[in-house]
Amino acid sequence: MKTQRKELVRFAPRGEDSFMEAVAARVQTYFEVNNISPYANTAMWVKTAIMLMLYFIPYVLMVTGYGAGNLWIFFGLWFLMGWGMVGIGTSVMHDANHGTYSPHKKINNFIGYILEIIGGYTVNWRIQHNVLHHTYTNITGLDDDIDSIVLLRLSPRQPRYWFHRYQYIYAWFFYMVMTLFWMTAKDYLQVMRYKRHDLLIKEKVSLPQALFRITMYKLFYYAYIMVLPLLFSGQPWYFVVAGFLLMHFTAGLYLSCVFQPSHIMEDSAFALPVTVDGTKRMEDSWAVHELANTTNFAPHNRILSWFIGGLNFQIEHHLFTGICHVHYKKLAPIVQSAAAAFGLPYHIQPTFRRALAKHADMLKILGRED
């Protein structure tokens, strides 16, 4: 397989007395003055247990025959598992794979492997999310989160086709099938692409090893998520398949609705690098680039923030990926104040509904303008 390295870009140096230097110092002072750890606290561990139970308790009830005589209960259990997937994805796996549960890598890795249990592959996730998305947010050709299928145009820097005119209508269907595609074909396609770009090296895994592990994880996943319910739920196969799809449609749609309004917005810069002396460079420093391409939403919605792992504070998450999400709400005023002091943008939408509406508007703009 021919290697074709991704042509990475360099960001402008942050310099002395920069925004990132100032905000990092303020955040460090916050933790020192309050004598608290930036890692998980008791509330985080309690939430972890709740999210795991939201997924596994309905599953156990289902495979032990609970609700076999009532379709409302049967599909309700699958529906709850879909919300459990969301909770695990945003509040458990996400923090673990960013290393924010504990300063001990083994603990984070152990918790992070919950992704394999719900059908994913941590190596791919860390490359796509930690390496590409968090480093090159909204940069076409580098951020895998926006370099999606051709039917979706998620950046003004991508080619526009006639059907994009209607993407604000049909995009929600593709959002809905996101996790289903992920648990079937995406991991295989990704790992082969990452091999071509030499992105598996830092993960210390070869392509044959990765393909073997993905296959084993998928076999395990489909054995317990499909085969056992087929054998023990007391429902015919077509209801089991329908429940499985319901779970993934629920998780895929909601997860997309959490992540897409954080970056695919009209306020986002979508800046491209320029070539200087043969090297592609960004005009802004990395931290300023993140501010320009990230949006917070619903900062006062405590229930939403609790359930989605503080990812409505996406700015704080992007600037401080090594800090557990339970601290984001307290960090937000610090970051916003520092941004204002440096004359930098701090994008925020007051409610979740408003953020979704603005994202839908952006999908419409991207479908109709070059």
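Student: Just to check I follow, could you spell out the overall build of the protein for this structure?
Tutor: Scanning the protein for helices and strands turns up 15 helices and four strands. A total of 370 residues make up the protein; the buried ones form 49% of that total. The contacts of the protein with a sequence gap of at least 6 include a subset with a gap of at least 24, amounting to 73%. Only carbon and sulfur atoms are counted for the fraction: they give 63% of the accessible area of the protein, which is about 17,500 Å². Each charge sign in the protein was given a centre, from 32 positive and 24 negative side chains, and these centres are 6 Å apart.

Student: How should the pattern of salt bridges be read in this particular structure?
Tutor: Taken as a whole, this structure holds three salt bridges when the rule is applied. When the shortest N-O distance is used, the salt bridge between Arg-193 and Asp-144 registers 2.8 Å. Residue Arg-193 is located in helix H8 (residues 178-196), and its partner Asp-144 is located in the loop between helix H6 (122-135) and helix H7 (167-176); the two are separated by 49 residues in the primary sequence. The exposure class of Asp-144 is buried, given its relative accessible area of 9%.

Student: What exactly am I supposed to notice about the packing of helix H1 (residues 19-34) against helix H14 (residues 328-341) here?
Tutor: When two helices pack together, their arrangement is given by the angle between the helix axes and by the axis-to-axis distance. One can describe the packing of H1 onto H14 by two numbers: an axis separation of 10 Å at closest approach and a directional angle of 150°. In terms of orientation, H1 and H14 fall into the roughly antiparallel class. Relative to H14, the crossing made by H1 is right-handed. Residue-level inspection shows Phe-19, Val-23, Arg-26, Val-27, Tyr-30 and Phe-31 of H1 in contact with H14, the latter providing Lys-330, Leu-331, Ile-334, Val-335, Ser-337, Ala-338, Ala-339 and Ala-341.

Student: Would you take a moment to explain the packing of aromatic side chains for this structure?
Tutor: Each aromatic ring pair is summarised here by two numbers: the centre-to-centre distance and the angle between the ring planes. Scanning the entire structure with this criterion turns up 27 aromatic pairs. Between Trp-237 and Tyr-238, the ring centres sit 5.7 Å apart and the planes meet at 80°, which makes this aromatic pair edge-to-face. Taking the relative accessible area as the measure of exposure, Tyr-238 reaches 46% and is therefore partly exposed. A connected cluster of aromatic rings, assembled from ring pairs, spans Tyr-59, Phe-220, Tyr-221, Tyr-222, Tyr-224 and Phe-244.

Student: Please clarify how the side chain of Ser-102 should be interpreted in this entry.
Tutor: Position of Ser-102 among the secondary structure elements: in the loop between helix H3 (71-97) and helix H4 (105-112). A relative accessible area of 7% places Ser-102 in the buried class. At 3.0 Å, the side chain of Ser-102 and the backbone nitrogen of His-104 are in polar contact. Those residues in contact with Ser-102 that lie beyond four places of it in its chain are Tyr-39, Ile-107 and Asn-108.

Student: Teacher, can you tell me more about the nonpolar core here?
Tutor: The tendency in soluble globular proteins is for nonpolar side chains to be buried as a group. The biggest cluster of nonpolar side chains holds 47 residues, and the ones touching the most others in it are Tyr-55, Trp-78, Ile-225 and Met-247. If you list the elements that add at least two residues to this core, you get helix H2 (42-63), H3, helix H5 (114-117), H8, helix H9 (207-232), helix H10 (237-259), helix H12 (302-307) and helix H15 (352-368). With ten residues, the single largest contributor to this core is H3. Once residues lying within four places of it in the same chain are set aside, the contact partners of Ile-225 are Tyr-55, Tyr-59, Trp-78, Met-81, Phe-244 and Met-247. In this structure, Val-23, Ala-287, Ile-315 and Leu-331 belong to the second largest nonpolar core, which totals 21 residues.

Parameters at a glance
Residues numbered from 1 in each chain as written. Predicted model: local features only at pLDDT ≥ 70, side-chain atom pairs only at ≥ 80, totals over all residues. Heavy atoms only, no water. Helix = DSSP H or I, 4+ residues; strand = E, 2+ residues; numbered from the N terminus. Buried < 20%, exposed > 50% of the residue type's maximum accessible area, 1.4 Å probe, protein only. Contact = heavy atoms within 4.5 Å. Areas by Shrake-Rupley, 256 points an atom, 1.4 Å probe, with all protein chains shown as cover. Lys, Arg positive; Asp, Glu negative; His and termini not counted. Charge placed at Lys NZ, Arg CZ, Asp CG, Glu CD. Salt bridge = Lys/Arg side-chain N within 4 Å of Asp/Glu carboxyl O. Axes fitted to C-alpha atoms, helices over the stretch in contact; angles between N-to-C directions. Parallel < 35°, antiparallel > 145°, perpendicular 65-115°, else oblique. Left-handed = near helix turned anticlockwise from the far one by under 90°. Phe/Tyr/Trp six-rings, centres within 6.5 Å; stacked < 30°, edge-to-face > 60°. Polar contact = N/O pair within 3.5 Å; in protein donor to acceptor, adjacent residues only side chain to side chain. Core = buried A, V, L, I, M, F, W, Y, C linked by side-chain atoms within 4.5 Å.

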